[in-house]
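Structure at a glance
Read off the chains here:
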Amino acid sequence: MRELRRSLAGGVLAALAFTLPAISAVDAEVIITNPRNSALDKRFDYPFDVLCQALERTRPQDGDFEVRRYPEGLSRKRALAELELGAITAFSAPTRKEWEERAIPIRIPVRKGIMGYRLLMIRAADQPAFAKVASVGDLRKFRLGQGLQWSSAAAFRKQGFTVHGSAEYEALFAMLMHDRFDYFPRTLNEVFTEFDLRKEKFPDMRIEDTLAIHMPLPYYFFVTPKRPDLAKRIERGLQAMVEDGSLDKLFFAFHGGHIERARLKGRRILEIANPDLPPETPFERKEYWFDPAAH
């Protein structure tokens, strides 16, 4: 009977390994956040580090913690559903009204608005055609590719763009190269890493030389509505990082090379409004935002 109890206990522990911390950290707060959606997906490394540092700031008053990635890739729609249920506790994502209504937004843009600046992934043979683009109207004549559930896809459609794409992240690069659409706008924090990791697989893919898009798109942490206390904890930690400059330091450690490589001052920047931004977006807090004119 003793052996049976041991066996059952072992099975229960194994089944709960995803939701419970290690025995040595049994009192730690476990936070489940964004997964990687493929082996090459590096998009969430920076917010993972930001979340860990924000929580570290609150350790003295709120206790130990452990941050884990959700164990499998998932769509934005499913991510929001899992966040509502509490299976995910803190998810980083570009904002949109639905997310701000169904989860708890922490309105400190942890990527400092850099996701609003996008370069175009294109086929190399199309560079001469894109070099002639002088206006947003010119750009609308080309087929745009995006993740179909991404906040940016909805915003581009509302601005009159023809959007093609997939719910599968990796599929989008292949779709571009197979002429399913003409360009794939990627944010400054994504485009160079994505290109460098895939240029051998897609040797005819390139980053367009002359253009950039600016469409404001804050990137927040969203917390499950079941845990308003956790939202307050993360917000306190993030605000402390803003005030002492450590968020800026981490931001430029991750993104400074990308900003330099983008050469924004030498590109035609096409301004596109984002009609999906809630009125609570804190544009008045200048310390929250990246200023390209300063770099």
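Sequence positions are assigned chain by chain, starting from 1 and proceeding in written order. Note on the predicted model: pLDDT of at least 70 is required for a residue's local features to be given, and 80 or more for side-chain atom pairs to be given and counted; whole-chain, interface and lining totals, by contrast, use all residues. Water and hydrogen atoms play no part in the side-chain values, which are based on all heavy atoms of the structure.

Points about the nonpolar core
Only buried residues count toward a nonpolar core. Its members are Ala, Val, Leu, Ile, Met, Phe, Trp, Tyr and Cys residues joined through side-chain atoms within 4.5 Å. Under the scheme applied here, a residue whose accessible area is under 20% of the maximum for its type counts as buried, over 50% as exposed, and between as partly exposed, the area being computed with a 1.4 Å probe on protein chains only. The biggest cluster of nonpolar side chains holds 54 residues, and the ones touching the most others in it are Met121, Ile234 and Leu238. When residues no more than four places from it in sequence are discounted, the contact partners of Met121 are Phe173, Leu176, Asp182, Tyr183, Phe184, Arg186, Val191, Glu194, Phe195, Met205, Arg206 and Ile207. Ranked by size, the runner-up nonpolar core spans 19 residues in total, among them Phe130, Val136, Leu139 and Phe142. Note on definitions: a residue-residue contact is assigned when non-hydrogen atoms from the two residues lie within 4.5 Å.

Let's talk about empty space enclosed by the protein
As defined here, a cavity is a set of points on a 1 Å grid over the protein atoms alone where a 1.4 Å probe fits but cannot get out. A pocket is an open set with protein on both sides within 12 Å along at least five of seven lines, and residues line them when an atom is within 4 Å of a point. Grid points are joined across faces, edges and corners, and a volume is the space filled by probe spheres set on the points. Tallied over the entire structure, the rule returns three cavities of 30 Å³ or more. Space inside the largest cavity adds up to approximately 90 Å³. Taken together, the elements giving at least two residues each to the lining of the largest cavity come down to helix 8 (151–158) and strand 8 (183–187). Secondary structure is summarised from DSSP: a helix means a run of H or I of at least four residues, a strand means a run of E of at least two, and numbering begins at the N terminus for each.

Quick look at unusual backbone geometry
Residue Asp179 is not a glycine yet carries a positive backbone phi of 65°. Its place among the elements puts Asp179 in the loop between helix 9 (171–177) and strand 8. Relative accessible area serves as the criterion here: at 43%, Asp179 is assigned to the partly exposed category. Located in the positive-phi region is Arg263, a residue other than glycine, with phi close to 50°. Relative to the elements of secondary structure, Arg263 occurs in the loop between helix 12 (246–262) and strand 12 (268–271).

A look at the packing of aromatic side chains
Only rings of Phe, Tyr and Trp enter the pairing, Trp through its six-membered ring, and a pair is recorded when the two centres are within 6.5 Å. The plane angle decides the type: under 30 degrees is stacked, over 60 is edge-to-face, the rest tilted. What the rule picks out here adds up to 16 aromatic pairs. With a centroid separation of 5.6 Å and 85° between ring planes, the pair formed by Tyr169 and Phe173 is classed as edge-to-face. Take Tyr169 and Phe173: they sit in the same class, and that class is buried. Summarising the aromatic geometry, the rings of Phe251 and Phe252 are spaced 4.9 Å apart at their centres and angled 85° between planes, so their arrangement reads as edge-to-face. One aromatic cluster in this structure is built from Tyr46, Tyr117, Phe251, Phe252, Phe254 and Phe290. Over the face of the ring belonging to Tyr169 we find Arg43, whose NZ or CZ atom lies 3.9 Å from the ring centre. Think of it as a cone above the ring: NZ of Lys or CZ of Arg counts as a charge over the ring if it is within 6 Å of the ring centre and within 35 degrees of the ring normal.

Brief notes about the confidence of the model for the protein
What pLDDT expresses is the predictor's confidence in each residue, scored from 0 to 100. On average, the protein scores 88 in pLDDT, and the residues at 70 or more come to 91%. Within the model, pLDDT remains below 50 along residues 1–25, and this stretch shows 16 contacts once partners closer than five positions in the same chain are excluded.

Topic: the pattern of salt bridges
Salt bridge criterion: a side-chain nitrogen from Lys or Arg within 4 Å of a carboxyl oxygen from Asp or Glu. The final tally for this structure, using the stated rule, is 29 salt bridges. With a shortest N-O distance of 2.7 Å, Arg59 and Glu56 are connected by a salt bridge. For Glu56, a relative accessible area of 38% gives the class partly exposed.

Let's talk about the side chain of Arg76
Here Arg76 shows up in helix 4 (residues 76–85). A positive count includes Lys and Arg, and a negative count includes Asp and Glu. His and the chain ends are not counted in either. No salt bridge is formed by the buried Arg76. Its closest oppositely charged neighbour is Glu190, at 6.3 Å.

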